[in-house]
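# Working through the structure, step by step
As a plain string of letters, each chain reads:
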Amino acid sequence: MELRHLRYFCVVAEELNFTSAAERLHMSQPPLSRQIKQLEREVGTELFERSSRGLQLTPSGIFFQQHAIQILEKVDVTVEATRHMARHKRQLFGIGFVPSVFYGQLPTLVRDLRQMDNVELSLAELTTVQQIQALKAGRIDMGFGRIRIDDPDVEQDILFDEPIIVALPSGHPLEGTTPTCEELACYPLILFPAKPRPSLADMVLGIFRRRGLKVQVFQEANEVQTALSLVASGIGITLVPEQVKRVQRDGITYVYLADKSITSPVICSRRRGEKPSPLMQKANAILDVLVENRRSGRYP
């Protein structure tokens with residue numbers, strides 16, 4: 001399947017007429033019809049319903065059109081961004097991150113890199129598993145997550161460990177306390193992210209499992225913001241890394257755990273064995289300062 005097939009399909013889907021579509025594409029009708037038939041054979045289903053009344057998209061065709069448009073828009077944006085980088089001789093630097101690390105000092109790293117004249121920064125919200133895949137594929141250069149994943153092509157460094165705290169609905173019986181895990185196990189739990197796994201959700205479940213405690217998982221959410229919204233609704237509690245407490249919102253109170261040893265690592269992932277470029281060296285230098293500030297309790 002080629003991009004031109006997607007472009008041909010989208011024009012036909014808009015016109016619902018091969019003659020009009022061929023005119024827009026500056027080609028004759030028979031070759032266009034053959035291209036669409038070839039596309040349908042490759043997809044494995046009819047995308048258009050052909051009748052005496054003309055063309056109509058099938059349900060499969062409607063679905064395919066929605067995704068084809070997204071693909072073509074992404075390609076156009078990527079091509080234009082690449083041309084922009086070439087014109088301005090900018091270097092692309094990709095950073096992947098899990099949302100819960102973006103409430104701390106990572107935005108400072110992003111801000112400092114963006115101030116460099118020759119850098120085009122690309123940010124991607126990815127789970128740690130997805131970051132490993134993106135690093136190996138060259139889509140990002142540095143990832144920030146919380147899960148240790150063994151991969152011979154990727155090196156991971158623990159930057160620091162931060163406390164796990166509890167997000168409670170305002171007015172909760174545990175508000176103003178430092179609860180134990182045994183106390184927390186008595187209340188409905190909201191986990192995030194729901195998928196893909198392994199993730200912070202498995203880390204949280206492990207906290208209770210290692211202590212022989214069973215918990216009632218009331219709801220799973222894909223994003224920390226969704227989990228916090230569910231907490232604010234009063235349907236459960238959730239465990240979050242300390243950085244998340246910077247998210248101040250109505251209906252939520254944060255409390256620390258009685259067991260101070262319960263922490264979550266912040267892990268930086270990079271491609272193994274790759275000689276650091278000047279840009280990577282600069283990013284590492286900025287990161288070293290930020291990590292030292294975090295460890296010593298200073299924040300920029």
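As shown above, the structure is provided for reference.
Residues numbered from 1 in each chain as written. Predicted model: local features only at pLDDT ≥ 70, side-chain atom pairs only at ≥ 80, totals over all residues. Heavy atoms only, no water.

## Digging into the pairing of strand 9 (residues 238-241)
By the alternation rule, side chains of strand 9 split into Thr238 and Val240 and Leu239 and Pro241, which are all buried. By the bridge criterion, 4 bridges tie strand 6 (residues 154-169) to strand 9 in an arrangement that is antiparallel. Considered in strand 9, the bridge of Ile164 is made with Pro241. (Buried < 20%, exposed > 50% of the residue type's maximum accessible area, 1.4 Å probe, protein only. Helix = DSSP H or I, 4+ residues; strand = E, 2+ residues; numbered from the N terminus. Pairing = 2+ DSSP bridges.)

## Here's the deal with the nonpolar core
In terms of nonpolar packing, the biggest core is built from 45 residues, with Val166, Leu184, Phe208, Leu228, Leu239, Val244 and Tyr254 touching the most fellow members. Counting only elements with at least two residues in this core, the list comes to helix 6 (128-137), strand 6, helix 7 (181-184), strand 7 (189-191), helix 8 (200-209), helix 9 (224-232), strand 9 and strand 10 (252-256). Sequence-distant contacts of Leu239, defined by excluding residues within four places in its chain, comprise Ile164, Ile165, Val166, Leu184, Leu189, Phe192, Val204, Ile207 and Phe208. (Core = buried A, V, L, I, M, F, W, Y, C linked by side-chain atoms within 4.5 Å. Contact = heavy atoms within 4.5 Å.)

## Description of the pattern of salt bridges
Close approach of charged atoms allows side chains with opposite charge to pair. This structure, assessed with the given rule, holds 14 salt bridges. In this structure, the salt-bridge partner of Arg146 is Glu162, at a minimum N-O distance of 2.6 Å. With Arg146 in the loop between strand 5 (142-145) and strand 6 and Glu162 in strand 6, the pair connects residues that are 16 residues apart, well separated along the chain. Of the charged contacts, one joins Arg270 and Asp157 as a salt bridge, the two residues approaching to 3.0 Å between their closest N and O atoms. Of this pair, Arg270 sits in strand 11 (residues 263-271) while Asp157 sits in strand 6; the two residues are 113 residues apart in sequence, bridging distant segments of the chain. By relative accessible area, Arg270 is classed as buried at 12%. Three or more residues joined by partner-sharing salt bridges are found here, namely Glu14, Glu15 and Arg24. (Salt bridge = Lys/Arg side-chain N within 4 Å of Asp/Glu carboxyl O.)

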